[in-house]
Amino acid sequence: AQTVTQSQPEMSVQEAETVTLSCTYDTSESDYYLFWYKQPPSRQMILVIRQEAYKQQNATENRFSVNFQKAAKSFSLKISDSQLGDAAMYFCAYIAGGYQKVTFGTGTKLQVIP
Amino acid sequence: IAGITQAPTSQILAAGRRMTLRCTQDMRHNAMYWYRQDLGLGLRLIHYSNTAGTTGKGEVPDGYSVSRANTDDFPLTLASAVPSQTSVYFCASSRRAGANEKLFFGSGTQLSVL
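Quick caveat, the model's predicted, so the values are computed rather than measured. (Residues numbered from 1 in each chain as written. Chains lettered and ligands numbered in written order. Predicted model: local features only at pLDDT ≥ 70, side-chain atom pairs only at ≥ 80, totals over all residues. Heavy atoms only, no water.)

Trainee: Would you take a moment to explain the overall build of chain B for this structure?
Mentor: Of regular secondary structure, chain B possesses 0 helices and 11 strands. Along chain B, from the amino end to the carboxyl end, the secondary structure elements read β-β-β-β-β-β-β-β-β-β-β. At 13 Å, chain B has a C-alpha radius of gyration in line with the 13 Å of a compact globule built from 114 residues. Projected onto the principal axes, the alpha-carbon positions of chain B cover approximately 35 × 30 × 25 Å. Residue burial in chain B is summarised as follows: out of 114 residues, 52% are buried. Put simply, chain B shows about 5200 Å² of open surface, and 50% of that area lies on carbon and sulfur atoms. (Helix = DSSP H or I, 4+ residues; strand = E, 2+ residues; numbered from the N terminus. Rg over C-alpha atoms; globule rule 2.2 N^0.38 Å. Buried < 20%, exposed > 50% of the residue type's maximum accessible area, 1.4 Å probe, protein only. Areas by Shrake-Rupley, 256 points an atom, 1.4 Å probe, with all protein chains shown as cover.)

Trainee: Looking at this structure, I do not really get the sheet that holds strand β8 (residues 76-78) of chain B. What am I missing?
Mentor: Remark on secondary structure: sheet strands pair via backbone hydrogen bonds, oriented parallel or antiparallel. Residue and element names in this part refer to chain B. On the basis of which strands lie adjacent, the open sheet formed by 4 strands has the order β1-β3-β8-β7 and antiparallel pairing. One side of each edge strand has no neighbouring strand; the edge strands of this open sheet are β1 (4-7) and β7 (64-66). The mean inter-strand angle of the sheet, taken between neighbouring strand axes irrespective of direction, is 20°. (Pairing = 2+ DSSP bridges. Axes fitted to C-alpha atoms, helices over the stretch in contact; angles between N-to-C directions.)

Trainee: Can you walk me through the layout of surface pockets in this structure?
Mentor: A probe as big as a water molecule, rolled over the atoms, marks out the empty space that is left. Estimates place the volume of the largest pocket at around 340 Å³. Around the largest pocket, the lining comprises 17 residues; the ones closest to its centre are M89(A), T106(A), Q37(B), L39(B) and G40(B). Listed by contribution, the elements that provide at least two residues to the lining of the largest pocket are β10 (88-96) of chain A together with β4 (31-38) and β9 (87-94) of chain B. (1 Å grid on protein atoms, 1.4 Å probe; cavity = no way out; pocket = protein on both sides within 12 Å on 5 of 7 lines; lining within 4 Å. Points joined across faces, edges and corners; volume = space filled by probe spheres on them.)

Trainee: I tried to follow the interface of chain A and chain B on my own but got confused; where do I start?
Mentor: Reports of interface size often rely on the accessible area that becomes lost once the parts have come together. On the chain B side, the residues contacting the 23 residues of chain A number 27 residues. Of the roughly 1900 Å² buried between chain A and chain B, counting both surfaces, carbon and sulfur atoms make up 54%. The largest contributions to the chain A side of the interface with chain B come from R43(A), Q100(A) and F104(A), which together make up 34% of the buried area. For the interface between chain A and chain B, the tally reads 0 salt bridges. Looking at the side of chain A that touches chain B element by element, the count peaks at 4 residues for strand β5 (residues 32-39) of chain A. (Contact = heavy atoms within 4.5 Å. Buried area = accessible area lost by both parts, 1.4 Å probe. Salt bridge = Lys/Arg side-chain N within 4 Å of Asp/Glu carboxyl O.)

Below, the structure written as structure tokens:
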């Protein structure tokens with residue numbers, strides 16, 4: 001069974017600094033997709049970034065980028081120039097190609113310190 | 001504003017009572033989902049629907065039922081609520097069923113079963 005592990009329940013970062021959130025996953029599939037979702041205090045989940053496993057290039061979305069290490073089954077999220085609005089729960093998620101079910105990690109709560 | 005509407009926002013329910021959580025989307029998305037979010041467990045899929053008229057079981061379907069009579073609505077029913085169903089429930093949708101599809105989430109329903 002696929003599992004997604006986020007080993008950091010909480011993290012904090014100084015405003016304008018860079019922070020990296022960790023995520024590892026376990027799968028026997030070769031075709032899959034990885035996502036980071038943000039859940040602010042409003043509760044509504046928002047997609048931050050996604051990565052196709054067949055792509056070697058790491059995905060980037062403005063201040064958000066990933067470090068995708070396929071062999072190590074690692075998918076970390078880097079937030080550069082952290083802003084107060086980045087404070088939220090962040091969930092790592094996985095889905096195998098051709099499947100319906102997205103598996104979520106347990107989340108990392110990010111605090112941004114002014 | 002296009003999106004997903006969930007109702008109610010929160011509810012306190014006596015054990016044994018029947019409850020239907022409502023979910024409506026106006027994006028004409030084919031696929032819809034119900035997740036529950038519990039502290040330390042992340043989000044877990046309850047039921048899903050790939051298209052109107054079809055439904056499927058997710059990871060934790062017991063005690064829940066769904067219907068998909070049309071594209072826009074995907075209600076979740078608890079036939080006889082139990083305290084272990086206390087959770088935050090999220091409805092989500094995607095343009096179509098598929099691994100690389102972005103999920104759009106509602107703002108959730110906080111349900112407490114006493």
